[in-house]
Amino acid sequence: MAITKTDFINYTRCRRYAALEDIRKEKLEADITYEEYKEQERLLQIQEIIGNMFGDEACEEDLTKNENKQLEAMLPYYKLVELEAGKIAKKYFKGKFTYALDTKNQESFEFNKDGIKYICYVDIYNDDEEKINIIEVKATTSNKFIKLESGYKKKEKYSIFSFDKKSNCYSLKEEIKDYDIEKEMPLEEYTKKRNELFDRYSSVGTYVYDLAIQRFILEGEYRSSNNEDKLKDIKYYLAVLNHQYTFDGSYSGKKPIYEKDAEDNELIVFIDVTKVTEEYQQMIKKIEEELKENIYKLDASTCPLGVWCDRKGYKECPYFSLICGKNIPKYNSSLNYLNNTAGFKINEKERIKGLDLINNGYINMLDIPEDWIMSEKHRIQRKAVEFNDIYIDKEKIKAGLKCLEYPIYHLDFETMPCPVPRFKGERPYMQSPFEFSLHIERAPGECDELKDNYIFLAQSFDKDEREDLIKELIKHIDGDKGTLFAQNVAFEKSRIKELGNIFPKYKEQLMKIYNRGFDLMWLINTKSEFYENLGFDKKRSSLPNYYAKELSGSYSIKKTLPVFSNLTYEGLTVKNGTEAIVAYAMYNQMTKEELRLYQEALRIYCRQDTWAMVVILNALRKICKEDVKELTFS
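A brief structural summary. Since we're looking at a predicted model, the values are computed, not measured. (Residues numbered from 1 in each chain as written. Predicted model: local features only at pLDDT ≥ 70, side-chain atom pairs only at ≥ 80, totals over all residues. Heavy atoms only, no water.)

**Structural notes on the overall build of the protein**
Scanning the protein from terminus to terminus reveals 23 helices and 23 strands. Here the C-alpha coordinates of the protein stretch approximately 85 × 60 × 60 Å along the principal axes. Buried residues in the protein amount to 54% of all 634 residues. Surface exposure of the protein reaches about 29,900 Å², of which carbon and sulfur atoms provide 47%. In the protein, the 100 positive side-chain charges and the 111 negative ones have mean positions that sit 3 Å from each other. (Helix = DSSP H or I, 4+ residues; strand = E, 2+ residues; numbered from the N terminus. Buried < 20%, exposed > 50% of the residue type's maximum accessible area, 1.4 Å probe, protein only. Areas by Shrake-Rupley, 256 points an atom, 1.4 Å probe, with all protein chains shown as cover. Lys, Arg positive; Asp, Glu negative; His and termini not counted. Charge placed at Lys NZ, Arg CZ, Asp CG, Glu CD.)

In C-alpha cells:
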C-alpha cells in the first residue's frame, strides 16, 4: 500500500478514519498513481489557502464541504507562492535546485517498511554539494511563527524566533551562539511557546508536522538504501509569505514583480526547523505504529471526538458531520454557549469543554447541569431555550439608538484577501476592497432599498480601481456628520484606514468617516465600555441586549437576519462573502455575458448586506416602541 504525506496525516487523526475510508484489501496492495497524488495535493492546497484567506469565515460557510469547482480559482495563487519561493531561494542558497509547479517534476522520496510504501514529493530540493536543503512551501504567513512570544511581567514581549536578513531566515533563538534568552523571557515560557511547534493541531504546529513527516520519509529512503551518511548534512526549512512585505507596485505587463520592498523585505522568508523536525522523529515513529494498526485493523467502531476532528475548521474531517458528529444538533447544542472557550467548572479542580462535552453525553444546551452555569449570559441562553422566551433589554437598546446621528451610512465592503499582493501598498492576505454597498438612512426609517443605495464594483480584476472606490465613498459619505454603521464595523474601519495610508491625499477625509463608526452588534449584543459610558452598571453593560433561542449562541448575520426579518440569501447567485471573492477572482475566465451576469449578482448580494442592516435597525426600533415584554432573567 502506498501512503502519502496526506494519508499519513489523515489515517492517524483517530483510530476510525482509515476504516471509514473503506480501505479494502485491493487498496492495501495497490500503488498510488501520479494523478491520485496530484489530486491529494490539490485538495490539500485548496484547504490551506482557504484557511488562510477566510479564517473563521471558512468555518461559518462550510467551504471545504462545498464541491463548487470554482474554488479552484484560488489555486493559481498557491502555485504563484511556490514559484516565488523557488526564485527567492536561489538568492540565498547555492547549488542545484529542483522545483516545479507540476508535482511530477519535483524531487520525490519513497521507502518500504512492513508492507507499506511511504512516498512524498519535495517542493524545493537544493543540493549545494556540501549539504542538502529541503524547503517546503506553505501559503501561510511568517506572522504566525513570530507571534510565538513571551516576556517578563509588565515588560516587552519577544518572539522565540530571530531573523537574519543576510540569510532571509528565521531560526530559534536557542540556535544562535551566545544568545541570552533569559534576558527576554523566563526559560519555562520560552519552552512553553516552543512546544506549540510540536502540536500538530496548532496554527503553526500543523506546518512543522507536515515537514516532519517528509523528513521521516526522506530519512527512510536514505536508511533503506544504506546512505545514512547523508542524513547529517540535510537542513529543513519552511518557506512562507513575509507578513511585513509591502508591494511597491512594479509590474511586467499585468504581472506584479516582487522585488525587495522599501524596507528591504522579501516576499518569501525561510524558517529553519531542522532541529525541531529532528526532535519530532521520535513522535513520528510512535504515530507510525498507530498508522499501521489503523490501516490493518480497520476498526470503524465509535471513538472519542477531539481536536483531531477539526470541527468547523478548514480541515474538518469529512466524516465528522456525516457520521461521528451527526448527533450534535444544529441549533442549541452544548457547544453553543456564548464565549465558552474555558468550558464548565465541574468541581474545584476539573473543567469540561468542547467536544469532551459530547463525549460525555452532554449533547444539548439543556443537558448541562444547572449548577455548572455560572455566567449570566449562559443563564440567559439556557432560559431562552427552556422557556422559549426572548430576552430583551429595551432600555439599553433605546439608549444605543439615541446615540445614532443622522444620516446613517450603512456600509459593507467586499474584499479580496489575496495571498500575494496585487496592487501597490498591499501585503500578503491584505483585505483589498473591490466593492462596496452603501444605504443612506437620512432619518429614522427613511431609506429606500434601491433609491438610497449606492454601489461601487470593480470592473476588472487586474486593474487597480481602489482610488475610484475611495472617490465614490467620499462622494456619498459626509465625514462631518452622521454615523458610519456596519455589522462588525471594525472590519470596515480597518479597510478605510488602510486605504487612507495607501492613498494619503484622501487620508483626512477617510479618517473623518473612520471616526464615526458604530456597530450594529452594539445594539443587538452589547459593548460593555459603550454602555458603561452611558451610565449602565458594569454587569448590565456586559450582558446582551437581545437574545432568542434561534440565535443558537451566534450573532452572525446568518443568525440575526432571520430573527428580525424575512430576508434570505437563498436563491441568490452569490450567497456569501466567499462566493463573492471567487466570482471576482474569476473575472478573467468569464465570457462577456457571464461577467455581466456575475457582476449584477455581486451588486445584488452586496446591496442585500447593507439593506439587511437597515431592516434589522428598523426591527429594533419597533421592538422598543411596542409593548414587548422585557425580560431580565435575574
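**Some points on the pattern of salt bridges**
Taken as a whole and assessed by the stated rule, the structure comprises 36 salt bridges. Between Lys91 and Glu266 there is a salt bridge, with the nearest N and O atoms lying 3.2 Å from each other. A residue pair is termed long-range when its members are at least 10 positions apart, and Lys91 in helix α6 (residues 75–92) and Glu266 in the loop between β13 (255–256) and β14 (268–272) qualify at 175 residues. Relative accessible area serves as the criterion here: at 45%, Lys91 is assigned to the partly exposed category. Residue classification places Glu266 among the buried positions, given a relative accessible area of 1%. One network of salt bridges, with partners in common, ties together Lys5, Glu136, Lys138 and Asp210. (Salt bridge = Lys/Arg side-chain N within 4 Å of Asp/Glu carboxyl O.)

**Digging into empty space enclosed by the protein**
Scanning the model with the defined rule gives six cavities of 30 Å³ or more in all. There is about 90 Å³ of room inside the largest cavity. Taken together, Arg13, Cys14, Tyr17, Cys303, Pro304, Leu305, Trp308, Cys309, Cys317, Phe320 and Cys324 make up the lining of the largest cavity. Class assignment of the residues belonging to the lining of the largest cavity gives a composition of 10 nonpolar, no polar and one charged. (1 Å grid on protein atoms, 1.4 Å probe; cavity = no way out; pocket = protein on both sides within 12 Å on 5 of 7 lines; lining within 4 Å. Points joined across faces, edges and corners; volume = space filled by probe spheres on them. Nonpolar A, V, L, I, M, F, W, Y, C, P; charged D, E, K, R; others polar.)

**Re the nonpolar core**
Counting 113 residues, the largest nonpolar core has Ile268, Phe270, Met416, Phe485, Ile496 and Ile524 as its most contacted members. If one sorts the elements of this core by residue count, helix α23 (residues 592–625) sits on top with 11 residues. Core analysis: the second largest hydrophobic core is formed by 76 residues, Phe111, Leu211, Cys324 and Trp372 among them. (Core = buried A, V, L, I, M, F, W, Y, C linked by side-chain atoms within 4.5 Å.)

**Considerations on the packing of aromatic side chains**
Under the defined criterion, the tally for this structure stands at 34 aromatic pairs. Between Tyr11 and Tyr17 the ring centres are 6.1 Å apart and the planes differ by 45°, which places this aromatic pair in the tilted class. Judged on exposure class, the residue Tyr11 and its partner Tyr17 are both buried. The interplanar angle of 25° and the centroid separation of 5.1 Å between the aromatic rings of Phe111 and Tyr118 together place this pair among those described as stacked. Each member of the pair, Phe111 as well as Tyr118, carries the same accessibility label: buried. Put simply, the rings of Phe485, Phe518, Trp522, Phe530, Tyr531 and Phe536 pair up and form one aromatic cluster. Over the ring of Tyr514 we find Lys493, and its NZ or CZ is 4.5 Å from the ring centre. (Phe/Tyr/Trp six-rings, centres within 6.5 Å; stacked < 30°, edge-to-face > 60°. Lys NZ or Arg CZ within 6 Å of the ring centre and 35° of its normal.)

**Re the side chain of Asn126**
Mapping Asn126 onto the fold places it in strand β5 (residues 124–127). For Asn126, a relative accessible area of 0% puts it in the buried group. Within the structure, the side chain of Asn126 is placed 2.6 Å from the backbone oxygen of Lys94, a separation counted as a polar contact. Here Lys96 takes part through its backbone oxygen, which lies 3.2 Å from a polar atom of the side chain of Asn126. The residues contacting Asn126, other than those within four sequence positions of it, are Phe93, Lys94, Gly95, Lys96, Phe97, Lys131, Ile132 and Asn133. (Polar contact = N/O pair within 3.5 Å; in protein donor to acceptor, adjacent residues only side chain to side chain. Contact = heavy atoms within 4.5 Å.)

**A word on the packing of helix α21 (residues 557–564) against α23**
Running from amino to carboxyl end, α21 crosses α23 at an angle of 50°, the nearest separation of the two axes being 10 Å. Between α21 and α23, the crossing angle belongs to the class labelled oblique. Of the two possible hands of crossing, α21 and α23 adopt the one that is left-handed. Touching Ile557, Thr560, Leu561 and Phe564 of α21 are Ala612, Val615, Ile616, Ala619, Leu620 and Ile623, all from α23. A breakdown of the residues in the contact of α21 with α23 according to their chemical character gives nine nonpolar, one polar and no charged. (Axes fitted to C-alpha atoms, helices over the stretch in contact; angles between N-to-C directions. Parallel < 35°, antiparallel > 145°, perpendicular 65-115°, else oblique. Left-handed = near helix turned anticlockwise from the far one by under 90°.)

**Things to note about the packing of helix α22 (residues 577–585) against α23**
Running from N to C, α22 and α23 cross one another at 150°; their axes reach a closest spacing of 10 Å. As judged from the angle between their axes, α22 and α23 are roughly antiparallel. α22 and α23 meet at a crossing whose hand is left-handed. Contacts from Gly577, Ala580 and Ala583 of α22 reach α23 at Tyr598, Leu602 and Tyr605. Grouping the constituent residues of the contact of α22 with α23 by class yields five nonpolar, one polar and no charged.

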